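A look at the structure
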Amino acid sequence: PQDMSSIIDQLPDLFPGVMKADGTRVAALGFSLGGYSAISLAGAQLNKADFISHCDQSMGTGLSECNWFTHTGYNLDDINQKGFGQKNSVQRIRAVVSVDPGFAAAFSSQGLYKIDRPVKIINLGTDETLYSGHGAARGCAGRGDRQCQG
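A short tour of the structure in this document, coming up.

What counts and what doesn't
Residues numbered from 1 in each chain as written. Predicted model: local features only at pLDDT ≥ 70, side-chain atom pairs only at ≥ 80, totals over all residues. Heavy atoms only, no water. Helix = DSSP H or I, 4+ residues; strand = E, 2+ residues; numbered from the N terminus. Buried < 20%, exposed > 50% of the residue type's maximum accessible area, 1.4 Å probe, protein only. Contact = heavy atoms within 4.5 Å. Areas by Shrake-Rupley, 256 points an atom, 1.4 Å probe, with all protein chains shown as cover. Polar contact = N/O pair within 3.5 Å; in protein donor to acceptor, adjacent residues only side chain to side chain. Phe/Tyr/Trp six-rings, centres within 6.5 Å; stacked < 30°, edge-to-face > 60°.

Some thoughts on the overall build of the protein
When helices and strands are tallied, the protein shows seven helices and four strands. In sequence order, the protein lays out its α and β elements as α-β-α-α-α-α-β-α-β-α-β. Scored against the burial criterion, the 150 residues of the protein give a buried share of 41%. The contacts of the protein with a sequence gap of at least 6 include a subset with a gap of at least 24, amounting to 77%. Accessible area for the protein stands at about 8300 Å²; split by element, carbon and sulfur atoms hold 53% of it.

So this is what it looks like as C-alpha cells:
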C-alpha cells in the first residue's frame with residue numbers, strides 16, 4: 001500500500017508540464033495483490049488469525065497467496081500482527097475499485113468495517129468458480145451500506 005501512496009507523491013515530478021494532478025480527486029484501482037493495496041488504502045485491515053485459518057484450509061490448491069509464504073519455508077505463525085494488520089489508510093484516496101483483491105480471506109469483518117470511503121469490490125467469476133480467497137465482495141456486501149459495495 002505504501003508503494004501506491006509513494007507513486008501518487010511522485011506523479012507531478014514524473015510528468016512535469018504534462019500531467020496535472022488534482023490531489024482532491026484521487027482514486028485507487030488494483031487487481032489481485034494491487035487490489036489488496038487499493039482496498040487497504042481505503043482503511044480495510046487484515047487479521048493474522050483469519051489469514052492463517054484460510055491458509056490451513058486452502059493449502060495444496062495452488063491458488064492461495066499462502067503459497068508465497070510456504071514455498072519459501074516461512075512459518076505463518078511468525079507473521080508480525082502489528083505490521084500485517086496495520087492501518088494503511090491514506091486520506092487523499094477518495095474512492096477505490098478493487099478487483100479480486102489478494103489476501104481477501106484475511107480481511108476480518110471488522111477490518112472491512114474500517115473502510116470509510118466509497119469502495120467497489122469486483123470478483124471475477126461466480127460463487128461456484130470464485131476462489132475462496134477472493135471473496136471480499138461477500139464481506140463488503142454484508143455491511144449493508146453504500147460505502148462498501150460488492
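Points about the environment of Asp116
Relative to the helices and strands, Asp116 is located in the loop between helix H6 (109-113) and strand S3 (119-122). Distance from Asp116 to Ala95, taken between C-alpha atoms, is 9.5 Å for residues 21 residues apart in sequence. Side-chain polar atoms of Asp116 contact the side chain of Arg117, separated by 2.7 Å.

A look at the environment of Asp100
Among the structural elements, Asp100 can be located in the loop between strand S2 (93-99) and H6. Residue classification places Asp100 among the buried positions, given a relative accessible area of 6%. Residues Asp100 and Tyr36, spaced 64 residues apart in sequence, show a C-alpha to C-alpha distance of 8.3 Å.

Quick notes on helix H2 (residues 33-41)
Burial analysis of H2 places seven of its nine residues in the buried class, the great majority of the element. Within the span of H2, buried status applies to Gly35, Tyr36, Ser37, Ala38, Ile39, Ser40 and Leu41. Directly after H2, the chain includes Gly43, whose backbone phi takes a positive value near 115°.

With respect to the packing of aromatic side chains
The relation between two aromatic rings is expressed through the spacing of the ring centres and the mutual angle of the planes. Evaluation of the coordinates by the stated rule reveals five aromatic pairs. Ring geometry for Phe84 against Phe103: centres 6.2 Å apart, planes inclined by 80°, an arrangement best described as edge-to-face. Note that Phe84 is positioned in helix H5 (residues 81-84) and Phe103 in the loop between S2 and H6, a separation of 19 residues in sequence. Of the two residues, Phe84 and Phe103, neither departs from the other in class, the shared state being buried. Three or more aromatic residues joined by ring pairs form one cluster here, namely Tyr36, Phe51, Phe84, Phe103 and Phe107.

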